[in-house]
Amino acid sequence: KNEVEQSPQNLTAQEGEFITINCSYSVGISALHWLQQHPGGGIVSLFMLSSGKKKHGRLIATINIQEKHSSLHITASHPRDSAVYICAVRSGNQFYFGTGTSLTVIP
Amino acid sequence: EAGVAQSPRYKIIEKRQSVAFWCNPISGHATLYWYQQILGQGPKLLIQFQNNGVVDDSQLPKDRFSAERLKGVDSTLKIQPAKLEDSAVYLCASSSGPPTYEQYFGPGTRLTVT
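This section reports on the structure supplied with the text. (Residues numbered from 1 in each chain as written. Chains lettered and ligands numbered in written order. Predicted model: local features only at pLDDT ≥ 70, side-chain atom pairs only at ≥ 80, totals over all residues. Heavy atoms only, no water.)

Notes on the overall build of chain B
Alright, step 1. Counting its regular elements, chain B contains 0 helices and 11 strands.
Alright, step 2. Beginning at the N terminus, the succession of helices and strands in chain B can be written as β-β-β-β-β-β-β-β-β-β-β.
Alright, step 3. Taken over the C-alpha trace, chain B has a radius of gyration of 13 Å; the compact-globule value for 114 residues is 13 Å, and the two agree within 12%.
Alright, step 4. Projected onto its principal axes, the C-alpha coordinates of chain B cover approximately 40 × 25 × 25 Å.
Alright, step 5. Among the 114 residues that make up chain B, the fraction classed as buried is 45%.
Alright, step 6. Taking contacts inside chain B between residues at least 6 apart in sequence as the whole, the part at least 24 apart equals 51%.
Alright, step 7. Only carbon and sulfur atoms are counted for the fraction: they give 51% of the accessible area of chain B, which is about 5,700 Å².
Alright, step 8. Counting 12 positive and 10 negative side-chain charges, chain B places the centres of these two groups 6 Å from one another. (Helix = DSSP H or I, 4+ residues; strand = E, 2+ residues; numbered from the N terminus. Rg over C-alpha atoms; globule rule 2.2 N^0.38 Å. Buried < 20%, exposed > 50% of the residue type's maximum accessible area, 1.4 Å probe, protein only. Contact = heavy atoms within 4.5 Å. Areas by Shrake-Rupley, 256 points an atom, 1.4 Å probe, with all protein chains shown as cover. Lys, Arg positive; Asp, Glu negative; His and termini not counted. Charge placed at Lys NZ, Arg CZ, Asp CG, Glu CD.)

Shown next, in the form of structure tokens:
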């Protein structure tokens, strides 16, 4: 069983839709990261969370430590948001990664 | 600030051949990670260095993979001999360390073994 589970695995949305990607984890963590990976590209860190909620532009990330769950929301989605979104947690100095959610936003 | 550099970006080799990847982390980052990302999966940690010492190499297939970071800066990852299942993207990342341990990823090397 993976330490980090993401859902859904694949997601297709129409431009403008509100999108939610979920992440559940089973280990004790120091921090949770949301990462974005474009096809053929490297990985970019979007958020690092240890509690509560963070917002950056159209992206919002929340975490519930008690429930060991985090969500990444994208408001007013755009085709340029199409990418793989990866949830990663840090436990001590170890990182555990989810398998990613592949998002396609159709114009 | 310059990011994490990796080379080559792409490599195609035949099985049983050898290959080496190079990574130059962000200046001042003591921690360096090598990950293997197979298509459709999340990154899997192969090895973690703290300066020139190995912190974690529990998932490194040591019969064929080796890595070094001799001067605590650049690092190389080698596969010898390569197998078909080694086809993946090899990502290097470096970390700013405590308290955030923020990781910065390189562009990756896409390896195809035929």
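Notes on the packing of aromatic side chains
Alright, step 1. For the structure shown, the criterion picks out 8 aromatic pairs over all chains.
Alright, step 2. Taking 5.9 Å as the distance between ring centres and 20° as the angle between the ring planes, the aromatic pair formed by Tyr33 of chain B and Tyr35 of chain B counts as stacked. For the residue pair Tyr33 of chain B and Tyr35 of chain B, the accessibility class agrees, reading buried in each case.
Alright, step 3. Three or more aromatic residues joined by ring pairs make a cluster, and in this case those are Phe95 and Phe97 of chain A together with Tyr33, Tyr35 and Phe105 of chain B. (Phe/Tyr/Trp six-rings, centres within 6.5 Å; stacked < 30°, edge-to-face > 60°.)

Examining the sheet that holds strand S8 (residues 69–74) of chain A
All names here are of chain A.
Alright, step 1. Across the sheet, which stays open at both edges, the 5 strands sit in the order S1-S3-S8-S7-S6 with antiparallel pairing between neighbours. Of all strands in the sheet, those bounded by a partner on one side alone are strand S1 (4–7) and strand S6 (52–56). The sheet shows a mean angle of 15° between the axes of neighbouring strands, taken without regard to direction.
Alright, step 2. In this sheet, S8 lies alongside strand S7 (residues 59–64) in antiparallel orientation, the contact comprising 6 bridges. Across the sheet, residue Leu59 finds its bridge partner in S8, namely Ile74. (Pairing = 2+ DSSP bridges. Axes fitted to C-alpha atoms, helices over the stretch in contact; angles between N-to-C directions.)

Re the pattern of salt bridges
Alright, step 1. Enumeration over the complete set of coordinates arrives at 3 salt bridges over all chains.
Alright, step 2. With a closest N to O distance of 2.9 Å, Asp81 of chain A and Arg58 of chain A form a salt bridge. With a gap of 23 residues between them, Asp81 of chain A in the loop between S8 and strand S9 (83–91) and Arg58 of chain A in the loop between S6 and S7 connect regions that are remote in the sequence.
Alright, step 3. What makes Asp81 of chain A buried here is its relative accessible area of 7%.
Alright, step 4. Given a relative accessible area of 26%, Arg58 of chain A falls into the partly exposed group.
Alright, step 5. Of the charged contacts, one joins Asp57 of chain B and Lys62 of chain B as a salt bridge, the two residues approaching to 3.7 Å between their closest N and O atoms. (Salt bridge = Lys/Arg side-chain N within 4 Å of Asp/Glu carboxyl O.)

What to know about the sheet that holds strand S8 (residues 75–79) of chain B
Residues and elements named next belong to chain B.
Alright, step 1. Spatially, S1-S3-S8-S7 is the arrangement adopted by the 4 strands of the open sheet, whose pairing is antiparallel. Each having just a single partner strand, strand S1 (5–7) and strand S7 (65–68) make up the two edges of the open sheet. Neighbour to neighbour, the strand axes of the sheet diverge by 15° on average, direction disregarded.
Alright, step 2. Bridging between strand S3 (residues 19–24) and S8 involves 5 bridges; their strand directions are antiparallel. Opposite Ala20, over in S8, you have Lys78 as the bridge partner.

Details of unusual backbone geometry
Generally, phi is negative for residues other than glycine and the peptide bonds are trans, each holding for most cases.
Alright, step 1. Backbone torsion omega between Ser7 of chain B and Pro8 of chain B reads -10°, so that peptide bond is classified as cis.
Alright, step 2. The omega angle of the peptide bond from Gln80 of chain B to Pro81 of chain B is -5°, so this bond is cis rather than trans.
Alright, step 3. Counting through the fold element by element, Pro81 of chain B comes out in the loop between S8 and strand S9 (88–95).
Alright, step 4. Not every positive phi belongs to a glycine, and Ala76 of chain A is a case in point at roughly 45°.
Alright, step 5. Topologically, Ala76 of chain A is positioned in the loop between S8 and S9.
Alright, step 6. Look at Ala76 of chain A and you get partly exposed, because its relative accessible area is 44%.
Alright, step 7. One non-glycine residue, Arg16 of chain B, lies in positive phi territory at about 80°.
Alright, step 8. Mapped onto the elements of the fold, Arg16 of chain B is located in the loop between strand S2 (10–13) and S3.
Alright, step 9. Overall, Arg16 of chain B belongs to the exposed group, its relative accessible area being 62%.

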